[in-house]
Amino acid sequence: MTFPSEPEAVGRDLPRRDGAVKVLGTATYAYETPLANAAYLHAVQATIARGRVTALDTAAAEALDGVVAVLTPGNAERLASTEDRELAVLQGEEVAFRGQVVALVVADSSEVARHGAALVRVEYAQQPHDAELRADREDLYAPESVNPDLPTDTSEGDVDAALAAAEVSVEETYTTAMYHNNPMEPHATAALWDPAGEGFLTLWDSTQGVHPTRTVLASVFGLDEAQLRVVCPYVGGGFGSKGQPHVNVVLAAMAARAVPGRPVRLALTRQQMFSLAGYRTPTIQRCRLGADRDGTITAIAVDVVELTSRIKEFAEQSGVPARMMYASPNRSTTHRLAALDVPVPSWMRAPGECPGMFGPEVAMDELAERLGLDPVELRIRNEPAVEPGSGKPFSSRNLVGCLREGAVRFGWAERDPRPGVRRRGDWLVGTGVAASTYPVSRMPKSTATIRREGQRYAVEIGAADLGTGTWTTLAQIAADALGVTVALVDVRIGDTDYPMASVAGGSSGMTTWGSAVVEAAGAFRAKYGSEPPDGAEASGSVQPADDRHAMHAFGAQFAEAHVHLDTGEVRVPRLLGVFAAGRIINPRTARSQFIGGMTMGLSMALHEQSVLDPRTGHVVNHDLAGYHITANADVGAIEAYWLAEDDPHVNAMGSKGIGEIGIVGTAAAVSNAVWHACGVRVRDLPITLDKVLHALEERPRH
C-alpha cells in the first residue's frame with residue numbers, strides 16, 4: 001500500500017496519549033501489576049570475580065519469619081536450555097564474574113527477602129581473575145562478526161601506503177569509558193505460573209520487546225511459546241538494556257515455580273543492575289587519517305579494542321561508522337576483543353555508532369586544525385557520492401545540509417579558529433562540531449491487526465513504548481493509512497496476546513511497526529472499502545526492505561564549552577543539533593528524542609564512567625550517587641532542529657528512526673569545543689578538570 005501523499009495526522013504536533021497517566025501516576029509498570037498474595041525475591045550475589053561456590057549456609061535465612069523459599073544450585077530447577085550462559089542461573093557452582101547470582105531468597109515482603117539474602121553465608125574457592133582491558137594484550141582476538149552480524153574487519157585500497165604518502169596526517173588513540181544504561185525504572189519482573197498446574201507462565205516484564213522475551217524464555221524453560229504470555233504496556237526507560245532478557249526474568253520465573261500458586265515480584269536494585277543488566281564496553285580506538293593539503297582525505301583507518309565477558313560474547317560494532325562516513329579510496333577497520341572475567345556487556349543507546357564516532361570525529365577536528373581548514377568545511381569536502389564499501393546509492397543523505405543549517409543557526413561564521421583566545425570573565429570559551437549518523441533499520445517480522453469496533457478503529461500490535469511516543473505515533477500512522485481522523489483510532493500494544501512485533505531497538509521500532517500498520521490498513525481498505533461493518537478485521541505484515549539503497553540518518557551537533565581558568569571545570573551552556581531523519585511523524589515526540597539523545601551524549605562527554613577495579617572485578621561507583629549523569633543544571637540550552645527530508649525508499653511513511661542519532665557525535669562535539677576553549681585535546685572520556693588543568697596552569701595570567 002502507498003501511504004497517503006497528503007497525510008492529516010502524520011506530522012502533527014500531538015501530545016502523547018500516555019502522558020496523563022504517567023504524570024498522574026496511574027500507568028501500571030511491571031512491578032506494580034495488581035497481584036494477590038505476591039511474594040518477593042532478592043538475589044544473593046558473588047563477592048569474587050572468579051572461582052567456585054564451595055558452601056552455602058542458608059539456615060539463618062530459612063529460619064527468618066516470612067521467608068518462604070531459598071534457592072541454590074543444589075535445589076534450583078534444571079533449565080531446559082543453558083546455551084545462553086548469562087541466563088543459566090543456579091545451574092552450577094562456577095562463578096564467572098563478581099555480582100553473579102549464587103542464591104535466591106523468596107519472602108512475603110521485599111524487606112524480608114532482602115534481609116534473608118543478607119543472612120546467607122557463602123564460601124568460595126577463589127581463582128585468579130583478569131578484568132583489565134589493554135590494547136597491548138597478547139590474547140586479543142577477532143570475533144566472527146560484530147553486532148548484529150557485520151564483518152569484523154574491512155579493507156579497501158592500501159591504507160599504509162596512502163598514510164605514508166599523505167601530506168597531512170593524524171594518528172592518535174581515543175578511549176571511551178564503560179557505561180551503564182541506568183533507566184529510571186529498574187529491571188523489574190512479576191511472574192505467575194498457572195495455579196491449576198497447566199504449565200502456563202505469565203510474565204509482567206519491563207522489556208523493549210514482549211515477543212522476543214517470550215521466545216527466549218520459552219527456550220530456557222522448555223515451553224511452547226503458546227504457554228507463555230509477556231505483558232508490558234509501559235516502560236520507564238531502557239536505552240537498550242531492556243532490549244533482550246537478562247537474568248532477572250529467569251530469576252522471577254524460577255522463584256515463582258518454587259512457590260506454587262503465588263506470583264513473585266522482582267525489581268533489581270540500582271547496585272544489582274551494574275552487574276546483571278548489561279552495559280557498554282569501554283573502547284580503545286586507534287584512528288589514522290591522511291589527507292592532501294586541500295583537505296581531500298586519502299586514508300581512513302580505525303582499529304578498535306573492546307572487552308567481552310568470558311561466558312558470553314558481545315562485540316560492539318564501534319569501527320563500523322568509519323566504513324561509510326567520508327569518502328576515501330583507502331580504508332580499513334578492525335575489531336579485537338579481550339575476553340575477561342566481567343559481567344556480560346550488551347546494547348546501549350546507539351551501540352557501535354555512539355562510541356565509534358567519538359574517535360573519528362575528534363580526529364577529523366585534529367586534521368582540520370593541522371590543515372588550517374574549518375572543520376565544517378573539511379567534512380563537506382569529503383562527502384561521498386555513494387556509500388563507501390558497498391557502492392550503493394544513498395536513499396537520501398543530507399549531512400551537508402545538516403552541517404550548513406547548523407552552522408547558520410549556531411552562529412559558526414563568527415568563530416575565531418584559534419584555540420584559547422576567547423574569554424568571558426574567568427572562563428575560556430570555545431565551540432566545536434561533530435557529525436552523526438545512524439543506519440535505517442527495518443526488522444523482517446512484525447504484524448498488525450486493525451479492527452472496526454463500533455465507530456472506532458483498534459490497532460493491535462505487540463510493540464513497546466519506552467517513553468518514545470509509540471502509543472501516539474502508531475495512531476497517527478494508522479489514521480492516515482485508514483483515511484480517518486486520529487481521534488477515532490485506539491492503539492493496543494505491549495502484550496504477546498497481540499500480533500508479533502519486533503524489539504524496540506536500533507531505532508527500528510516505528511519503521512517496522514508503522515510499516516506493518518500501513519500494510520494492515522491497506523488490506524482493511526481493500527477488503528471493506530470506505531464503509532466497513534462493525535467487527536471488520538484485517539492484518540498486515542512488514543514487507544522486505546529495499547536493499548538497493550544505503551539508508552542512513554545523519555546529523556550535525558554543535559557545542560559551546562566553557563573552561564574555568566583556575567579550576568579547569570568544564571561547562572556546556574549550549575548544544576545544538578540539526579538532523580536529517582526522514583519524515584517526522586510527530587514533532588513533539590521527535591524533539592524530545594533528539595534532546596534526550598544529546599543530553600545523554602553530554603553526560604557521556606562530561607560525567608559518565610563506570611569505574612571497574614581490576615583487582616576485584618567490581619564497579620565501585622555502582623549507584624547514582626557515584627555514577628554521575630547530566631542533570632538540567634549541566635546545560636543551559638539544547639536546541640534540536642531537522643531538515644524536511646523526502647525519502648521514498650526507506651518505508652511507506654518515509655521515516656528513519658530518531659531514538660539514537662541524537663547521542664551520536666555529541667561527545668565529540670563537546671571535546672572539540674573544549675580544545676577550542678583552552679587548547680587541550682581531550683582524547684579520553686569523560687572530560688574532567690584534571691585533564692585540562694595542567695595546561696591552564698602554564699597559561700600566563702592577565
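Before reading further, recall that the structure is shown in the block above.
Everything quoted here is computed from the prediction, not taken from an experiment.

What counts, and where the lines are drawn
Residues numbered from 1 in each chain as written. Predicted model: local features only at pLDDT ≥ 70, side-chain atom pairs only at ≥ 80, totals over all residues. Heavy atoms only, no water. Core = buried A, V, L, I, M, F, W, Y, C linked by side-chain atoms within 4.5 Å. Buried < 20%, exposed > 50% of the residue type's maximum accessible area, 1.4 Å probe, protein only. Contact = heavy atoms within 4.5 Å. Axes fitted to C-alpha atoms, helices over the stretch in contact; angles between N-to-C directions. Helix = DSSP H or I, 4+ residues; strand = E, 2+ residues; numbered from the N terminus. Parallel < 35°, antiparallel > 145°, perpendicular 65-115°, else oblique. Left-handed = near helix turned anticlockwise from the far one by under 90°. Nonpolar A, V, L, I, M, F, W, Y, C, P; charged D, E, K, R; others polar. 1 Å grid on protein atoms, 1.4 Å probe; cavity = no way out; pocket = protein on both sides within 12 Å on 5 of 7 lines; lining within 4 Å. Points joined across faces, edges and corners; volume = space filled by probe spheres on them. Disulfide = S-S within 2.5 Å. Pairing = 2+ DSSP bridges.

Draft legend 1. Spatial organisation of the nonpolar core. Among the nonpolar cores identified, the biggest contains 106 residues, and Leu367, Phe558, Phe594, Val670 and Val674 are the most heavily contacted of them. Once residues lying within four places of it in the same chain are set aside, the contact partners of Phe594 are Phe579, Ala581, Ile584, Ala640, Trp642, Ile658, Ile661 and Gly662. Counting residues in hydrophobic clusters, the runner-up holds 88 residues, among them Val10, Ala43, Tyr234 and Ala521.

Draft legend 2. Fine view of the packing of helix 14 (residues 587-606) against helix 15 (residues 666-678). Between helix 14 and helix 15, whose axes approach to 7 Å, the crossing angle comes to 50°. Viewed along their axes, helix 14 and helix 15 adopt a mutual orientation that is oblique. In terms of crossing hand, the pair formed by helix 14 and helix 15 is right-handed. Within the contact between the two elements, helix 14 uses Met598, Gly601, Leu602, Met604, Ala605 and Leu606 and helix 15 uses Thr666, Ala667 and Val670. Residues of the contact of helix 14 with helix 15, tallied by class, amount to 7 nonpolar, 2 polar and no charged.

Draft legend 3. Just the layout of surface pockets, in detail. Volume-wise, the second largest pocket comes out at about 500 Å³. Contributing to the lining of the second largest pocket are 28 residues, with Val44, Gln45, Ala46, Thr47 and Gly99 lying nearest its centre. Broken down by secondary-structure element, the contributors of at least two residues to the lining of the second largest pocket are strand 1 (39-45), helix 3 (110-119), strand 6 (121-126), helix 7 (270-276) and strand 25 (618-619). Here the residues of the lining of the second largest pocket sort into 15 nonpolar, 11 polar and 2 charged.

Draft legend 4. Fine view of the state of the cysteines. This structure, assessed with the given rule, holds 0 disulfides. The thiol of Cys402 is not disulfide-bonded; the next cysteine sulfur, from Cys354, is found 18 Å away.

Draft legend 5. A look at the sheet that holds strand 4 (residues 94-95). Ordered in space as 4-2-6, the 3 strands form an open sheet in which the pairing is antiparallel. Looking at which strands have only one partner, the edges of the open sheet turn out to be strand 4 and strand 6. Across 2 bridges, the pairing between strand 2 (residues 51-57) and strand 4 is antiparallel. Across the sheet, residue Arg52 finds its bridge partner in strand 4, namely Glu94.

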